[in-house]
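Structure assessment
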Amino acid sequence: AQSVTQLGSHVSVSEGALVLLRCNYSSSVPPYLFWYVQYPNQGLQLLLKYTSAATLVKGINGFEAEFKKSETSFHLTKPSAHMSDAAEYFCAVSDGFTGGGNKLTFGTGTQLKVEL
Amino acid sequence: KAGVTQTPRYLIKTRGQQVTLSCSPISGHRSVSWYQQTPGQGLQFLFEYFSETQRNKGNFPGRFSGRQFSNSRSEMNVSTLELGDSALYLCASSPDSQKLFFGSGTQLSVL
């Protein structure tokens, strides 16, 4: 069974500071990994996805994530936080399209707070 | 292109009733998935439909069911509602590329 663990249910950073949201995965097959963001009263929006093409994945809004197989990690980073980045972030894993369809297993989420 | 549309946005029901939620995917997307989001359990996969066939199913009781129509629109039904069914139900469509586009959800409250 696949799973993801997000370390830290709440993260607080100052505007302009580095954002680092942690995600570790567990998968018996090469995983597809995703980061989604959810703003209040909205659905989820895809930030980026890893599908084995490149270990460093660039997403929208200046976010990127690096796949590290040796550490089973897929941490999300952004060099400089903006007030508009305040939201909840979810890491998710899928066992791939073939046979797996679009079934994602989500982490418990990390609420990012950005302070002035 | 219009996004994923879920109706209704809010719903209040009482225990024992049944409810039907609707999802219209992005035009051209043949895969529709449903997820339940609660503060306690987080985001949990309910099921996925592709070309009117259920392709994947999560670990939910049989009270939760769904279907997909030939135009890819999907409905999910919950029968004999329980208090614990109160949640945000999210629908997501996909062009079958592992990229999900989510709707804003239906907030269901069971009293």
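Anyway, here's the lowdown on the structure attached to this text. Quick caveat: nothing in here was measured; it's all calculated off a predicted structure.

A closer look at the overall build of chain B
Each helix and strand counted, chain B has 0 helices and 11 strands in total. In chain B, the order of α-helices and β-strands from amino to carboxyl end is β-β-β-β-β-β-β-β-β-β-β. Summarising its shape, the C-alpha atoms of chain B cover approximately 35 × 25 × 25 Å along the three principal directions. For chain B, with 111 residues in total, the buried portion stands at 51%. Partitioning the contacts of chain B with sequence separation of at least 6, the portion at a separation of at least 24 is 53%. Of the accessible surface of chain B, which amounts to about 5100 Å², a share of 48% is contributed by carbon and sulfur atoms.

Looking at the layout of surface pockets
Empty space within the largest pocket amounts to approximately 720 Å³. Residue lining of the largest pocket: 36 residues in total, with Phe90 of chain A together with Gln37, Thr38, Gly42 and Leu43 of chain B positioned closest to the centre. In terms of residue class, the lining of the largest pocket is built from 12 nonpolar, 21 polar and 3 charged. Its volume calculated, the second largest pocket comes out at about 210 Å³. Around the second largest pocket, the lining is made up of 16 residues, and of these Leu44, Gln45 and Leu46 of chain A together with Phe101 and Phe102 of chain B lie nearest the centre. Every element with two or more residues in the lining of the second largest pocket is listed here: strand E5 (44–50) of chain A together with strand E10 (101–102) of chain B. At 3 residues, the largest contribution of residues to the lining of the second largest pocket is made by E5 of chain A.

Considering the interface of chain A and chain B
With 20 residues of chain A at the contact, the number on the chain B side is 22 residues. For the chain A and chain B pair, buried surface summed over both sides reaches about 1700 Å², with 52% attributable to carbon and sulfur atoms. Taken together, chain A and chain B are joined by 0 salt bridges. Between the two partners, chain A and chain B, sit 4 residue pairs in polar contact (both at pLDDT 80 or more). For the side of chain A that touches chain B, the secondary structure elements donating two or more residues are strand E4 (32–38), E5 and strand E9 (87–94) of chain A.

Quick word on the sheet that holds strand E1 (residues 3–7) of chain A
All names here are of chain A. The strand order E1-E3-E8-E7-E6 describes an open sheet built from 5 strands, whose pairing is antiparallel. In this open sheet, the two edge strands, each paired with only one partner strand, are E1 and strand E6 (56–58). When strand polarity is set aside, the average angle formed by the axes of neighbouring strands in this sheet is 20°. Two strands pair when backbone bridges link them, and E1 and strand E3 (residues 19–26) are joined in this way by 5 bridges, in the antiparallel orientation. Within the sheet, the bridge partner assigned to Ser3 lies in E3 and is Ser26.

What to know about the nonpolar core
Counting residues in each nonpolar core, the largest one holds 26 residues, and the members touching the most others are Trp35, Leu48, Phe74, Leu76 and Tyr89 of chain A. Where this core is concerned, the elements lending two or more residues are strand E2 (10–14), E3, E4, E5, strand E7 (64–68), strand E8 (73–78), E9 and strand E11 (110–115) of chain A. Those residues in contact with Tyr89 of chain A that sit more than four places away from it in its chain are Gln6, Leu21, Trp35, Tyr36, Val37, Leu47, Phe63, Leu76, Gly109, Thr110 and Leu112 of chain A. Ranked by size, the runner-up nonpolar core spans 21 residues in total, among them Trp34, Tyr49, Tyr89 and Leu108 of chain B.

Observations regarding the pattern of salt bridges
Residues and elements named next belong to chain B. On inspection of all chains with the given rule, the structure shows 8 salt bridges over all chains. Its salt-bridge partner being Glu48, residue Arg55 comes within 2.6 Å of it at the nearest N-O pair. On the basis of relative accessibility, which here comes to 28%, the residue Arg55 falls in the partly exposed class. Overall, the relative accessible area of 0% leaves Glu48 in the buried class. The residue Glu75 makes a salt bridge to Arg73 at a minimum N-O spacing of 3.3 Å. With a relative accessible area of 16%, Glu75 lands in the buried category. The network of salt bridges with common partners includes Arg63, Glu82 and Asp85.

What counts, and where the lines are drawn
Residues numbered from 1 in each chain as written. Chains lettered and ligands numbered in written order. Predicted model: local features only at pLDDT ≥ 70, side-chain atom pairs only at ≥ 80, totals over all residues. Heavy atoms only, no water. Helix = DSSP H or I, 4+ residues; strand = E, 2+ residues; numbered from the N terminus. Buried < 20%, exposed > 50% of the residue type's maximum accessible area, 1.4 Å probe, protein only. Contact = heavy atoms within 4.5 Å. Areas by Shrake-Rupley, 256 points an atom, 1.4 Å probe, with all protein chains shown as cover. 1 Å grid on protein atoms, 1.4 Å probe; cavity = no way out; pocket = protein on both sides within 12 Å on 5 of 7 lines; lining within 4 Å. Points joined across faces, edges and corners; volume = space filled by probe spheres on them. Nonpolar A, V, L, I, M, F, W, Y, C, P; charged D, E, K, R; others polar. Buried area = accessible area lost by both parts, 1.4 Å probe. Salt bridge = Lys/Arg side-chain N within 4 Å of Asp/Glu carboxyl O. Polar contact = N/O pair within 3.5 Å; in protein donor to acceptor, adjacent residues only side chain to side chain. Pairing = 2+ DSSP bridges. Axes fitted to C-alpha atoms, helices over the stretch in contact; angles between N-to-C directions. Core = buried A, V, L, I, M, F, W, Y, C linked by side-chain atoms within 4.5 Å.

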